[in-house]
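Listed below, chain by chain, are the residues.
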Amino acid sequence: MRKFLNVRAAALTAALAAAASQAHAQVAQADPQGSSAVLSGVLWLQGTLLGNVATVVAVMAVAAVGFMMLTGRMNWRYGATVILGCFILFGATTIVSGIRSAAGA
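Residues numbered from 1 in each chain as written. Predicted model: local features only at pLDDT ≥ 70, side-chain atom pairs only at ≥ 80, totals over all residues. Heavy atoms only, no water.

The next point concerns the overall build of the protein chain. Looking only at helices and strands, the protein chain features five helices and zero strands. Across the 105 residues of the protein chain, 10% fall into the buried class. (Helix = DSSP H or I, 4+ residues; strand = E, 2+ residues; numbered from the N terminus. Buried < 20%, exposed > 50% of the residue type's maximum accessible area, 1.4 Å probe, protein only.)

Have a look at this one:
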């Protein structure tokens, strides 16, 4: 029993240390020199993945999943997971800004 408590204490200590290091990772820093090409590439990828093409693909996926759920070919839980994933993907910006404003950043 004592060994189990030591393992739990070590795990708790590691979790607290990781949480403290994550707080330091949130400090806003300037972009390093030469990162403009990488940054523009990432912004292009974000625009592509959240743009018109992604919206059309998500609409077709939700329609197909909904039809399969209604005809009994797909589990309702899996279908709800797909639909919830689309909401999270397209609402990520709003979710993050809400979390940041709640945190006071």
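Taking 1.5 Å per residue, 12 residues should reach 16 Å; helix α5 (residues 92-103) reaches 16 Å between its end C-alpha atoms and fits that length. Little of α5 sits inside the fold, with zero of its 12 residues counted as buried. G104 lies just past α5 and shows a positive phi near 85°. (Expected span 1.5 Å × (residues − 1).)

On the surface, W44, L45, L49, L50, L89 and F90 cluster together into a nonpolar patch covering about 590 Å² of accessible area. For the nonpolar patch, the secondary-structure elements that each account for two or more residues are α2 (36-49) and α4 (76-90). Assignment of secondary structure puts W44 in helix α2. (Patch = residues over 30% accessible without salt bridge, like charges linked within 9 Å, V, L, I, M, F, W, Y side chains within 5 Å. Areas by Shrake-Rupley, 256 points an atom, 1.4 Å probe, with all protein chains shown as cover. Salt bridge = Lys/Arg side-chain N within 4 Å of Asp/Glu carboxyl O.)

Moving on to the packing of helix α3 (residues 52-70) against α4. Look at α3 against α4: their axes get within 9 Å of each other, and the N-to-C directions meet at 160°. In terms of orientation, α3 and α4 fall into the roughly antiparallel class. Judged by the twist between their axes, the crossing of α3 over α4 is left-handed. Only W76, G79, A80, V82, I83, C86 and F90 of α4 make contact with α3, whose side of the interface consists of A54, T55, A58, V62, V65, M69 and L70. For the contact of α3 with α4, a count of residues per class yields 12 nonpolar, two polar and no charged. (Axes fitted to C-alpha atoms, helices over the stretch in contact; angles between N-to-C directions. Parallel < 35°, antiparallel > 145°, perpendicular 65-115°, else oblique. Left-handed = near helix turned anticlockwise from the far one by under 90°. Contact = heavy atoms within 4.5 Å. Nonpolar A, V, L, I, M, F, W, Y, C, P; charged D, E, K, R; others polar.)

Here the focus is the confidence of the model for the protein chain. Reading predicted coordinates in detail is not appropriate for stretches of low pLDDT. Residues of the protein chain with pLDDT of at least 70 account for 67%, and the chain-wide mean is 76. Mean pLDDT across the secondary structure elements of the protein chain bottoms out at helix α1 (residues 2-25), with 55, and peaks at α3, with 88. (pLDDT = per-residue confidence, 0-100.)

Our next topic: the environment of W76. Here W76 is to be found in helix α4. Since its relative accessible area comes to 51%, W76 is described here as exposed. Distance from W76 to V65, taken between C-alpha atoms, is 9.3 Å for residues 11 residues apart in sequence. Beyond its immediate sequence surroundings of up to four residues, W76 is in contact with M69 and L70.

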